[in-house]
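Secondary and tertiary structure notes
Listed below, chain by chain, are the residues.
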Amino acid sequence: MSTCGALTSVSSAFFGEKPGAAAEAGALSCISSGAASATVTAASRLRALGYDPDELLQHYRDHGYIILDGLLASDTSSPLHLDSLRRLADTATQITRDGKWPHRRIVGNAFPPFTQNNRDSWGVQHIMNPQLDTAASASAASISSVFQQFYASSPLLDVASLLIGCQVEAMQMELFNLLVNPASHRFALGWHRDDIRPDVSEQEEEQRLETPTYGVQFNTALWDDDCLFIVPGTHRRMRTAAEVVANNAKAPPAVQVDSEGEVDKTFGEDGAWNGVDPPNTMRVRLKPGQTAFYSQRILHRASYLPTAKRATLHGCYGDASSGTGAAERARNVLQHGVEWMRDAQFGDSLPPVLKPMRTVFLAQVSTLSRTSAPLATLLCTTTFPFLKASAKMSQCPLGFTGTPPPGHPKVAGLDAKASEADTRDRHWNPWLLLAIDALFILAAIYVARNGVPRAIADPIANVWRKVPKPAAKTE
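Treat the numbers as computed from the prediction; the structure is a model and nothing was measured.

Some thoughts on the sheet that holds strand S7 (residues 225-230)
An order of S8-S5-S11-S7-S9 is seen for the five strands of this open sheet, with the pairing classed as antiparallel. Lying at the two open borders of the sheet, with one neighbouring strand each, are strand S8 (255-256) and strand S9 (282-286). When S7 meets S9, the two strands line up antiparallel, connected through four bridges. Bridge pairing in S9 places Asp 225 opposite Leu 286.

What follows is the structure, given as structure tokens:
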């Protein structure tokens, strides 16, 4: 039975003294080993390690985040030890920069679709995908398998279960990626909430705040990481005037770093966004091995420098205990390109605890496909940006009411500022495209069986005869 290591302490900066030595010396087996029992709650498992789950949950509810130590294995021979994860992260980063792994987050784009061009990268997508091993030609160890083990490990799952409010067995698999420093650009993401638009009315903002998030996300730092900025408490209250201004401010463009260039005055030495950051902005500083859990709804932004090495495991889980929560989460995850999760090889490779979580997620995707006719339009627009959405859609095809960050495909209904007339002028109807395809196929079949009709062939032949022929070339 593998060991995931002890949960040693909650960061003393937020929760005071560490648990006792007995808790630090203990170890909690991976839930993926099958040892977890449905009758044992995440809170009781965490309490056995010396933590106060009530205190963790209260801090998360009040402030929108918690920071924990000890989610990585302390055994240096474990694949989930910090050194091992660093090596695998370096490999994944390198093959992405070398162009061998196309699934990446592109500097200058905050959201999918991430087009494949020569721009710098700030993230490696889909690190649990077994195809990552093929791209890396990894023979000694499976990169994707180790990342799967971490995503399936305890206490990571137990903490997520506690914060979400559902049993581990009722959780839904979602995204797991690697955030890295750009190779040559200074890059920033603007202030945003993941599921509330910056330009919402007060009434709509209040309604969205009353809706559960049905999930949680986390950052596990493998190196010092101070890229994340948050405004604590904004996950549960209306924004102040200063926060509204910051939320609507456009992020500065990515800049290629030049040691001989002018000094950028946009950001201060402490990372502050001069003239934009609202009061009470907090810079989240993670030490190697620390994990920050935070609400997708907290007002947050990020800054990246090529000179500061970064390798941070970034993932999320959803609540599948109710159809409403699972569907809400699946809608938001779909746009990240998760079709590869259907692959049988991926399903077979997963640790036992993740297999039902994957099944639940794919069931939600299938349900949305059946119940939302325009779903294919969203997927096509995300995967193939040159295809446009239907002119008749008055809202997001999947009912998404959140914020599409910069770089999101312009799907009708996601752009709140687009008028119906403007949408009608700029978009192709997919049903019209299907009809044109059908006519083309029928015409091709007719020509193959009967040849080109004389009414078409004769005029073409007459025009061809009148075209002057070039003189024969002689040496």
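Remarks on the nonpolar core
Counting 66 residues, the largest nonpolar core has Phe 293 and Tyr 317 as the members making the most contacts within it. At seven residues, the largest contribution of residues to this core is made by helix H8 (residues 156-164).

Regarding the sheet that holds strand S2 (residues 104-106)
To summarise the sheet geometry, strands pair through backbone hydrogen bonds and adopt either a parallel or an antiparallel arrangement. Taken together, seven strands build an open sheet; the order of strands is S1-S10-S6-S12-S4-S3-S2 and the sheet is antiparallel. Here the strands that pair on one side only, and so sit at the sheet edges, are strand S1 (65-68) and S2. The sheet shows a mean angle of 20° between the axes of neighbouring strands, taken without regard to direction. Bridge count between S1 and strand S10 (residues 291-294): four bridges; the pairing is antiparallel. Its bridge partner being in S10, Tyr 65 is matched across the sheet by Tyr 294. Across the sheet, helix H5 (residues 82-97) lies against S2, strand S3 (121-124), strand S4 (171-180) and strand S12 (311-319), angled at about 75° from S4, the strand it touches most.

Re the packing of H5 against helix H7 (residues 143-151)
The geometry of H5 relative to H7 is characterised by a closest axis approach of 10 Å and an angle of 130° between their N-to-C directions. In terms of axis orientation, H5 runs oblique to H7. Read as a crossing pair, H5 and H7 show a hand that is left-handed. Between H5 and H7, the contacting residues are Leu 85, Leu 88, Ala 89 and Thr 91 on the first element and Ile 143, Val 146 and Phe 147 on the second. Classifying every residue of the contact of H5 with H7 by side-chain character gives six nonpolar, one polar and no charged.

Structural notes on the pattern of salt bridges
Across all of its chains, the model carries 15 salt bridges by this definition. Taking the shortest distance from any N to any O, the salt bridge between Asp 158 and Arg 45 comes out at 2.7 Å. Taken together, the residues Asp 158 in helix H8 and Arg 45 in helix H3 (residues 42-48) connect sequence positions 113 residues apart. For the residue pair Asp 158 and Arg 45, the accessibility class agrees, reading buried in each case.

Here we look at the packing of aromatic side chains
A full pass over the atoms with the stated rule returns 12 aromatic pairs. Each ring, one from Phe 187 and one from Tyr 304, has its centre 5.8 Å from the other, and the planes form 20°; the classification is stacked. You can see Phe 187 sitting in strand S5 (residues 185-192) and its partner Tyr 304 sitting in strand S11 (residues 300-304), a full 117 residues away along the chain. For Tyr 304, a relative accessible area of 3% puts it in the buried group. Here a set of aromatic residues connected by ring pairs shows up, and it is made of Phe 147, Phe 150, Tyr 151, Phe 176, Phe 218, Phe 293 and Tyr 317. The residue whose ring lies beneath Arg 86 is Trp 223, and the NZ or CZ to ring-centre distance is 3.6 Å.

What about the pairing of strand S6 (residues 215-221)?
Most of S6 is tucked away, with seven of its seven residues classed as buried. Covered by surrounding structure in S6 are Gly 215, Gln 217, Asn 219 and Ala 221 together with Val 216, Phe 218 and Thr 220, the residues of both alternating faces. With seven bridges joining them, S6 and S12 adopt antiparallel strand pairing. Bridge pairing links Gly 215 to Gly 318 in S12. Bridging between S6 and S10 involves four bridges; their strand directions are antiparallel. Each residue of the ladder has a partner; that of Thr 220, found in S10, is Thr 291.

Examining helix H10 (residues 241-248)
Every buried residue of H10 is listed here: Glu 243, Ala 246 and Asn 247. Buried residues of H10, seen end-on, are gathered within an arc of 100° and therefore sit on one face of the element. Within H10, the exposed residues directed more than 90 degrees away from the buried face are Ala 241 and Val 245. Turning to H10, the residues buried within the fold contact S5.

Criteria and cut-off values
Residues numbered from 1 in each chain as written. Predicted model: local features only at pLDDT ≥ 70, side-chain atom pairs only at ≥ 80, totals over all residues. Heavy atoms only, no water. Pairing = 2+ DSSP bridges. Helix = DSSP H or I, 4+ residues; strand = E, 2+ residues; numbered from the N terminus. Core = buried A, V, L, I, M, F, W, Y, C linked by side-chain atoms within 4.5 Å. Buried < 20%, exposed > 50% of the residue type's maximum accessible area, 1.4 Å probe, protein only. Axes fitted to C-alpha atoms, helices over the stretch in contact; angles between N-to-C directions. Contact = heavy atoms within 4.5 Å. Parallel < 35°, antiparallel > 145°, perpendicular 65-115°, else oblique. Left-handed = near helix turned anticlockwise from the far one by under 90°. Nonpolar A, V, L, I, M, F, W, Y, C, P; charged D, E, K, R; others polar. Salt bridge = Lys/Arg side-chain N within 4 Å of Asp/Glu carboxyl O. Phe/Tyr/Trp six-rings, centres within 6.5 Å; stacked < 30°, edge-to-face > 60°. Lys NZ or Arg CZ within 6 Å of the ring centre and 35° of its normal. Arc of directions from axis to C-beta.

Everything listed is a geometric property; what it means functionally is a separate question.
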